[in-house]
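# A look at the structure
Here is what each chain is made of, one letter per residue.
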Amino acid sequence: MTAHEATSDAEARVRADDRAHVFHSWSAQAHIDPLPVAGGLGAEFWDYQGNRYLDFSSQLVNLNLGHQQPDLVAAIQEQAGKLATIQPSVANDVRGELARLIVGVAGEPFTKVFFTNGGADANENAVRMARLATGKRKVLAAYRSYHGNTTTAMSMTGDPRRWANEPGDPSVVHFFGPYAYRSAFHASDEAEEGARALEHLEQTIILEGASTIGAIVLETIVGTNGVLIPPPGYLAGVRALCDKYNIVFIADEVMVGFGRVGEWFAFQAHEVVPDLITFAKGINSGYVPLGGVVISDRIASTFDDRAFPGGLTYSGHPLACAAGVATFEVFERDGILAHVRDLGERVVRPVLEGWLETHPSVGEIRGTGLFWAVELVRDRTTREPLVPYNASGADAAPMTALAAAAKRGGVWPFIHFNRMHVAPPLVITEDELRGGLDALDTALEVADHAALANPGLRSKS
Ligand SMILES: Cc1ncc(COP(=O)(O)O)c(C=O)c1O
């Protein structure tokens, strides 16, 4: 058998096992054709045919330190040789060290960490803490959000993934967060959007009954649903409302925490401090599943003398925590946060701003650090999205074609509804980043064609 035949054989086996036996997330099983992936390194991964993809979605925006980061791999190997697992009820060195490191970068008033297996259960447990700390059950969460795939997290989710899972937790109520480009408040600028969104949130609190609301849950920067950066003052306003009405402020930092926007936590750029922070993904780049809740002293202390009614077999798993501790070392040694801020402002922002000039389908670009959205429209005047909200099948064809064009150009894109996000691993080099952006620039011609085919397209500005 030649090397080529052996590779084809391996690929065929991977594909056959997958199609026969792996039940995939969020999918009609007969309508998917998952790419057999042979390996990855840094910001790239490749298939069995030798096609290489620069990963502009960091897998599910979790692969912050890239594939096969040697320090993380070594930390897991070393920990596996020392103590591969241990139950949560004992004290363990890497678990404690990681909790100390997390609390250290979260700053005051955070003192404790409850470890989970991922983001959904982090949100689930944060809500549980808020309910017990306040004695109030209702939770307010935003439309255009994703919080995870367990009952309350799914109920809090403000996107179509919730619909087929309803009814879920009946005590979740949704409100509109700020989104100036498609304002729910007829606002004409960011400041007005932020102010009106706060007014709406306070009205929601009053009408739902402040005495019934235990928590407000917000993605600090909305991730999958649009890279929506809150206007200056919005999060501080949420904080003030939480203080006024005795509501726990939960910041979901599952996607944006640990460097995605050049901060340890995204809220740190907004001069605001939540009561609970949920995290996962970037804490160890997903090398071993890990998430958690960072708990302020005020809430942690409410469980000093009564039991917290929650736990997980793998809470604070040593392999996951060892990779987390190594993540902190790499961030410090390699100046990851500064690298992210630099690439975001010096490279990504000007390139994307250029697209506003050259691509008629680009309606808006927004982002920070290595977390950007390119919002594609049929018509810049009406802002009609290039594909409808929640489009699938033929309705989504222009975005599917854009994704295919990006892949032909060697970039694995992040596509959601009418948006393409740019969220590469934080270790990406400037050359790789510029090369990937060039490939997306070319791919966007596909979106321009779809937009120009629309008779309603009136203007390039
Ligand atoms: C903001 C946010 N919260 C929660 C989750 C759920 O995390 P997990 O899939 O680890 O449960 C995600 C996942 O994408 C997320 O982006």
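Refer to the structure presented above.
Here is a short report on the structure shown in this document. Please read these numbers as outputs of a predicted model, since none were measured by experiment. (Residues numbered from 1 in each chain as written. Predicted model: local features only at pLDDT ≥ 70, side-chain atom pairs only at ≥ 80, totals over all residues. Heavy atoms only, no water.)

## Quick notes on unusual backbone geometry
A negative phi angle characterises most non-glycine residues, just as the trans form characterises most peptide bonds. Note the threshold: Counting from the N terminus, the helices are DSSP H or I runs at least four residues long and the strands are E runs at least two residues long. Think of it in three bands: residues with accessible area under 20% of the maximum for their type are buried, residues over 50% are exposed, and the middle band is partly exposed, with areas taken using a 1.4 Å probe on protein chains only.
At the junction of Glu108 and Pro109, the peptide bond is cis and its omega measures out at 5° in the coordinates. Tracing the sequence through the fold places Pro109 in the loop between helix H4 (93-106) and strand S4 (110-116). Look at the link from Glu166 to Pro167: it is a cis peptide, with omega at 0°. One can find Pro167 in the loop between helix H6 (151-156) and strand S6 (172-175). Positive phi is not limited to glycine here, since Gln59 has a value of about 60°. Its place among the elements puts Gln59 in helix H2 (residues 58-61). Residue Gln59 is classed as partly exposed on the basis of its relative accessible area, which comes to 35%. Not every positive phi belongs to a glycine, and Phe417 is a case in point at roughly 50°. Along the chain, the position of Phe417 falls in the loop between strand S15 (414-416) and strand S16 (419-422). Under the relative-accessibility criterion, Phe417 is labelled buried at 15%.

## Things to note about the site of the ligand
Quick note on the threshold: The near set for a molecule or strand comprises every residue that places at least one heavy atom within 4 Å of it. Whenever two N or O atoms come within 3.5 Å, that pair is a polar contact, provided that in protein one can donate a hydrogen and the other can accept it, and provided that, for residues adjacent in sequence, both atoms are side-chain atoms. Where accessible areas are quoted, they stem from the Shrake-Rupley method and a 1.4 Å probe; at the residue level, only the protein chains shown are allowed to cover.
Neighbouring the ligand are the residues Gly118, Gly119, Ala120, Asn123, Tyr146, His147, Gly148, Glu219, Asp252, Val254, Met255 and Lys281. Separating an oxygen atom of the ligand from a backbone N or O atom of Gly119 is a distance of 2.8 Å. Note that a nitrogen atom of the ligand is positioned 2.7 Å from one of the side-chain N or O atoms of Asp252. In isolation the ligand has 390 Å² of accessible area, and contact with the protein removes 80% of it. Residue contributions to the shell around the ligand peak at three residues, all from helix H5 (residues 119-134).

## A word on the pattern of salt bridges
Rules: Each reported salt bridge corresponds to a side-chain nitrogen of Lys or Arg within 4 Å of a carboxyl oxygen of Asp or Glu.
The final tally for this structure, using the stated rule, is 24 salt bridges. By sharing partners, the salt bridges in this structure join Arg182, Glu364, Arg366 and Glu375 into a single network.

## Quick word on the sheet that holds strand S14 (residues 411-412)
Note: strands within a sheet are paired through backbone hydrogen bonds, in either parallel or antiparallel orientation. Put simply, the rule is: Two strands are said to pair when DSSP picks up at least two bridges between them.
Here four strands make up an open sheet; going across it, the order is S1-S2-S3-S14 and the pairing mixed. Each having just a single partner strand, strand S1 (37-41) and S14 make up the two edges of the open sheet. Bridge count for S1 against strand S2 (residues 44-47) is four bridges, and the pairing is antiparallel. Bridge assignment links Gly39 to a residue of S2, and that residue is Trp46.

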